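A structural walkthrough
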Amino acid sequence: MKDLNLNISMPKYVKKFSCIGGLCEDNCCLKWNINVDLSTFFKYKKLAKQSKNNKTTSDDESNLENLMANSLSIHKITNMNNVAFAQINLNHSGRCPMLDENNMCLVHSKYGTRYLSRVCNSFPKITNKIDKSYERTLSTACPVVSKLLINDADSMEFDTYQEILTDRDYIAKKLFTRKSNFLRWHKKFFYEIRDLSINILKNRKYRFNDRLVILGVLFKQIDQKDYKLKFSQVNDV
């Protein structure tokens, strides 16, 4: 995919986010399955081969390239077009072997974002395509994101920014809301439900925990409604 210059809608907290790297209290390169896409898998294999044939490569450089290639396991059931073609084998302490002693990524330090897997390059960004528009949020699995959401009064105000979308970006979901054959009606009323949810989250008359409870009740009621429910009844849920 060629790089695309797009208008992407996102909450303001997305632009305020900055990764704190090795200082993070819950580093995203530790103790979880880190998937590697097919393209990145072959990039790492190619680098290891080039390093082996290059007599001027230092031992440290050669070790990194070998680590990049040899720390991967192909998933037994995989999709050649999937972001989860393989995964990184974590070491005995649950760390990605490409981390240095300060929990910083050696691949990123030496080769930049183009050599990160699509998952590593994207996290905690979540980019979705809704009908013809692109939208971006951040995963609350990241503690920095969670703090922004809770503490920033303007976190759920939306704006549109020009962003470059590259082949390294992972499109998490594509949704077309006006299809007539939805089995679940909440997809057809995606915008209405989403707007209502955001308004609940923004209502600081209630404590944050209470807002989450209200959202839970709302989603439970929505899930129980019949998919043939008419648009006029959405606000009555």
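These figures come from a predicted structure and were not determined experimentally. (Residues numbered from 1 in each chain as written. Predicted model: local features only at pLDDT ≥ 70, side-chain atom pairs only at ≥ 80, totals over all residues. Heavy atoms only, no water.)

Some thoughts on the sheet that holds strand S7 (residues 158–165)
Formally: Here a strand pair is declared whenever DSSP counts at least two bridges between the two strands. Going along the chain from the N terminus, every DSSP run of H or I of four or more residues is numbered as a helix, and every run of E of two or more is numbered as a strand. In this description, a line fitted to the C-alpha atoms serves as the axis of each element, helices being fitted only across the stretch in contact, and the angle between N-to-C directions of two axes falls anywhere from 0 to 180 degrees.
Sheet architecture is open: 5 strands sit in the order S7-S1-S6-S5-S8, paired in mixed fashion. If you trace the sheet from one side to the other, it starts and ends with S7 and strand S8 (171–175), each paired once. Across the sheet, the mean angle separating the axes of adjacent strands is 30° when strand polarity is ignored. The pairing of strand S5 (residues 125–130) with strand S6 (residues 133–138) spans 6 bridges and is classified as antiparallel. Looking at the pairing, Ile130 lines up with Ser133 of S6.

Notes on the environment of Ser9
Applied cut-off: Note on contacts: a residue pair is in contact if any heavy atoms of the two residues lie within 4.5 Å.
Topologically, Ser9 is positioned in strand S1 (residues 4–11). Separated by 149 residues in sequence, Ser9 and Phe158 have C-alpha atoms that sit 6.8 Å apart. Non-local contacts of Ser9, meaning those with residues more than four positions away in its chain, are made with Tyr134, Glu135, Arg136, Phe158, Asp159 and Thr160.

A closer look at the confidence of the model for the protein
The cut-off we apply is this: A score from 0 to 100, pLDDT tells how confident the predictor is in each residue.
Averaged over all residues, the pLDDT of the protein is 83; the fraction at 70 or higher stands at 85%. The least confident element of the protein is helix H7 (residues 185–188), whose mean pLDDT is 70; the most confident is S6, at 93.

Looking at the pattern of salt bridges
As a reminder of what qualifies: Criterion for a salt bridge: a side-chain nitrogen of Lys or Arg within 4 Å of a carboxyl oxygen of Asp or Glu. Buried residues are those whose accessible area, probed at 1.4 Å on protein chains only, stays under 20% of the maximum for their type, while exposed residues exceed 50% and partly exposed ones sit between those limits.
Evaluated as defined, the whole model comprises 10 salt bridges. Residue Lys147 pairs with Glu25 through a salt bridge whose shortest N-O separation is 2.9 Å. You can see Lys147 sitting in helix H6 (residues 143–151) and its partner Glu25 sitting in the loop between helix H1 (12–16) and strand S2 (35–36), a full 122 residues away along the chain. For Glu25, a relative accessible area of 61% gives the class exposed. For Glu65, the salt bridge goes to Lys110, with nearest N and O atoms at 3.0 Å. Taken together, the residues span a long stretch of sequence, with Glu65 in helix H3 (residues 59–70) and Lys110 in helix H4 (residues 106–111) at a distance of 45 residues. Judged by its relative accessible area of 2%, Glu65 falls in the buried class. Residue Lys110 is classed as partly exposed on the basis of its relative accessible area of 35%.

Let's talk about the sheet that holds S2
Strand order in this open sheet of 3 strands is S2-S4-S3, and the pairing throughout is antiparallel. Pairing within the sheet leaves two strands with one partner each, and these edge strands are S2 and strand S3 (72–74). In this structure, S3 lies alongside strand S4 (residues 86–88), joined through 3 bridges in antiparallel fashion. What sits directly across from Leu72, in S4, is Ile88.

Concerning the state of the cysteines
Our working rule: Cysteine sulfur atoms that come within 2.5 Å of each other are treated as a disulfide pair.
All told, the structure shown has 0 disulfides when counted by the stated rule. Summary of cysteine pairing: Cys28 is not part of a disulfide, and the nearest cysteine sulfur, belonging to Cys29, is at 4.4 Å. In this model Cys142 remains outside any disulfide bridge; the closest cysteine sulfur is found in Cys24, 5.5 Å from its own. For Cys142, a relative accessible area of 9% translates into the label buried.

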